[in-house]
Amino acid sequence: MSLLEFQGVERRFPVRRGLLDALLRREHVWLHAVRGVDLAVRPGEILGIVGESGCGKSTLARIGIGLQPADAGAVIFDGAPLNGPDPKGRLQMVFQDPYSSLNPRMTIGAQLEEVVAHYRPGLTRAERQGRVARMLDEVGLVQETAQKFPHALSGGQRQRVSIARALCPDPQVLIADEPVSALDASVQAQIINLLRRLNREKGLTIVFISHDMNVVRYLCDRVAVMYLGEVVELNDSAALFAEPRHPYTRALIGAVPDVHHPHREGLPVRGEIPDPFAVLQGCRFAPRCPLAETACHRPQSLDALASGGAVRCWKAVSGTLS
Amino acid sequence: MSLLSIRDLRTEFSGPAGIARAVDGVSFDVEPGEIFGIVGESGCGKSATCRSILHLFGGAPARIAGGQILLEGTGDIARMTERDLSRVRGREVAFIFQDPLTALNPTMRIGKQIAEVIRCHRKVSKTEARAAALDLLREVQVTSPERRLDAYPHELSGGLRQRVVIAMALALRPRLIIADEPTTALDVTVQDQILRLLRERRDSTGTSIILVTHDLGVVSQICDRMAVMYAGRVVETGSVRQVLDTPSHPYTRALLAALPGQTGRERDLTPIEGSPPGLISPPPGCRFAPRCRFARPECAVGQPPALHPRGETAHLDACILTEVPDVLA
Ligand SMILES: Nc1ncnc2c1ncn2[C@@H]1O[C@H](COP(=O)(O)OP(=O)(O)OP(=O)(O)O)[C@@H](O)[C@H]1O
Ligand SMILES: Nc1ncnc2c1ncn2[C@@H]1O[C@H](COP(=O)(O)OP(=O)(O)O)[C@@H](O)[C@H]1O
Ligand code: SF4
Ligand code: SF4
Ligand SMILES: [Mg+2]
Ligand SMILES: [Mg+2]
């Protein structure tokens, strides 16, 4: 059973690659940002989506709340295909930079009231204010915050406000795109505790997008790892971190510096993420994979493993990874 | 003798709201060949400390208001004129910024940019400088360096750009490289590569490195000694293992306890409530007192407590308690 489901979602952007293309009057090329993503979000879970910059996380998130259409495939929400933002506001998003997503010229109270009024036109002013007061309380902000403007708040407080705003329409799913990446660790912990509480106490389903493996390991029930537009591994969080299967997942986990265990040996992954224009026939990780071989140059599918989880690497599936 | 000794450094920014004492009595030493880490939350004065060393304030209304910056064999840089400083910059002390794009000229091929750094300080021909640039690109492990010489910065990925900036920093064989959040804008697999590169360059050239970061994992990975800053002051310093494995100052302990990697999923994280104080009129006494779980009335009066030894040699902190309780207890 799933609440929100991505079915074969594709998204491509037409881009010109710069001076050379312009000089040669070349047509645009296609940047394939999201490729054939199948992903089912279960009710009540916190699903993590991790991957390095440009791998398509934010694009997938925007498609997931109907802010952007998919070129192919579908998003199914609550049993029906999603065409644009949900009119009842049951799908909400929180962004990385709370400053740019708040209106600098309106008090926090007025902004939140506006959102409540949009989704519940029938409420009286007093009822709207009551709801705003409950939302502020819910995210741990004192009531005086309603009279303040965004610039008067700290980064952590602003992020609480954007979470409060997302909670106004009483959503079923919250997609949080790097909500703590701009915050210091001491403040980040406050927001993570808040998301955990909303999930446990209100049953809020959360899709948590991040590049921080430590945060994801701690917060998420399941994790999808993306690389160049594709999901390359999906598993329960504990299993994924205890026994990563895909060579990219292994590289990603291995590269996270640990506070108490420095100098893990092992080879660094080669090179960097190639630009997403690269035409790659087979496994998209092959140019950087230490285990690549000829057979990797055919397309890879995301296959379920008998032991649970799914992985897009024939070697991991056949158990021939070292 | 230390390569760099910073003593009671004070740096101020003036603005409409008053004077912000971004660096307020900072002291530390950097030994030859060591990687020294500076950590702390944003706004605590890490960058201001580093920028003070070369007076690189980028036109900001900043001034060094006091203290000494003693570079071995060169004297006190805090009081140097622009003219003398220009001989120190690049040649003795080089700087690496967080965003490599700001350090590179977007309209110049990278080979030429590296060559110019060399030709600025040494009398060599264009051909020799270009050959030296090629060697430097090899040194920072840029793949197919011959091809990259003629690339423009925007044609390179973030990681390659940072390698180019490191190559420029290494060009004049400085005794000290200051790297301010050099991997913060990079992906974790690329960060790993760049950290390995910095350590490897230190090992083979013997240069010292000051590495600024807000990521305690990064410090653990490559630094030898470190300082933890809070609200313009150093609150704890020592070897990386002393500070990270047996932290003594309540702020350092709280910072470590807030990390998700340290907590099981069944427990909530332990955030530090509140936020750091403003630096225009910081609270009296210990600046961490408003957020400290162990604060007592005597913590919040008078001058901020000075660094003093805590148990082991060269492990110092600035908390007045003789015995600091466990934050998680
Ligand atoms: N409107 C657009 N036009 C052209 N290309 C785009 C557009 N939006 C996204 N892209 C490209 O699509 C790819 C995926 O972008 P996306 O923002 O989804 O990545 P991400 O995983 O969220 O990265 P980050 O970690 O940096 O936030 C990138 O190469 C990006 O440059
Ligand atoms: N150009 C500037 N003008 C005014 N204040 C500044 C400027 N740069 C930094 N500051 C102030 O100095 C303090 C320390 O900043 P900084 O050294 O950049 O911190 P960090 O690098 O630790 O994040 C902050 O309070 C910041 O607001
Ligand atoms: S398919 Fe081959 S190249 Fe791709 S991840 Fe698996 S082993 Fe590596
Ligand atoms: S001096 Fe007092 S307030 Fe400051 S860290 Fe120590 S116990 Fe806390
Ligand atoms: Mg993104
Ligand atoms: Mg800084």
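Refer to the structure above for everything that follows.
Residues numbered from 1 in each chain as written. Chains lettered and ligands numbered in written order. Predicted model: local features only at pLDDT ≥ 70, side-chain atom pairs only at ≥ 80, totals over all residues. Heavy atoms only, no water.

> Account for the pattern of salt bridges, with residues named and values stated.
Applying the stated criterion across every chain yields a total of 40 salt bridges over all chains. The shortest N-O distance in the salt bridge between Asp224(B) and Arg202(B) comes to 2.9 Å. Here Arg202(B) lies in helix 8 (residues 188-205) and Asp224(B) lies in the loop between helix 9 (216-222) and strand 9 (225-230), a separation of 22 residues in the sequence. For Arg202(B), a relative accessible area of 12% gives the class buried. Through salt bridges that share partners, Glu138(A), Arg197(A), Glu201(A) and Lys202(A) make up one connected network. (Salt bridge = Lys/Arg side-chain N within 4 Å of Asp/Glu carboxyl O. Helix = DSSP H or I, 4+ residues; strand = E, 2+ residues; numbered from the N terminus. Buried < 20%, exposed > 50% of the residue type's maximum accessible area, 1.4 Å probe, protein only.)

> Describe in detail the nonpolar core, supporting the description with residues and values.
In this structure, Leu216(B) and Met226(B) are the most contacted members of the largest nonpolar core, which totals 68 residues. With residues up to four places along the chain from it excluded, the contact list for Met226(B) reads Phe36(B), Gly37(B), Val39(B), Leu216(B), Val219(B), Glu236(B), Thr237(B), Gly238(B), Val240(B), Val243(B) and Leu244(B). Counting 62 residues, the second-largest nonpolar core is a separate cluster that includes Cys168(A), Ile206(A), Val188(B) and Ala258(B). (Core = buried A, V, L, I, M, F, W, Y, C linked by side-chain atoms within 4.5 Å. Contact = heavy atoms within 4.5 Å.)

> Break down the site of ligand 1 for me, citing the residues and quoting the values.
Residue and element names in this part refer to chain A. Close contacts around ligand 1 come from 15 residues, with Gly54, Gly56, Lys57, Ser58 and Thr59 the closest. Between ligand 1 and Gly54, the relevant distance is 2.7 Å, taken from an oxygen atom to a main-chain nitrogen or oxygen of the residue. One of the backbone nitrogen or oxygen atoms of Cys55 is found 3.2 Å away from an oxygen atom of ligand 1. When ligand 1 sits alone it has 640 Å² of accessible area, and the protein chains cover 66% of it. Breaking the shell around ligand 1 down by element, the ones donating at least two residues are strand 1 (4-15), strand 2 (29-41) and helix 2 (57-64). Ranked by residue count, the leading element in the shell around ligand 1 is helix 2, at four residues. (Near = heavy atom within 4 Å. Polar contact = N/O pair within 3.5 Å; in protein donor to acceptor, adjacent residues only side chain to side chain. Areas by Shrake-Rupley, 256 points an atom, 1.4 Å probe, with all protein chains shown as cover.)

All quantities given are derived from atomic positions and should not be read as evidence of function.
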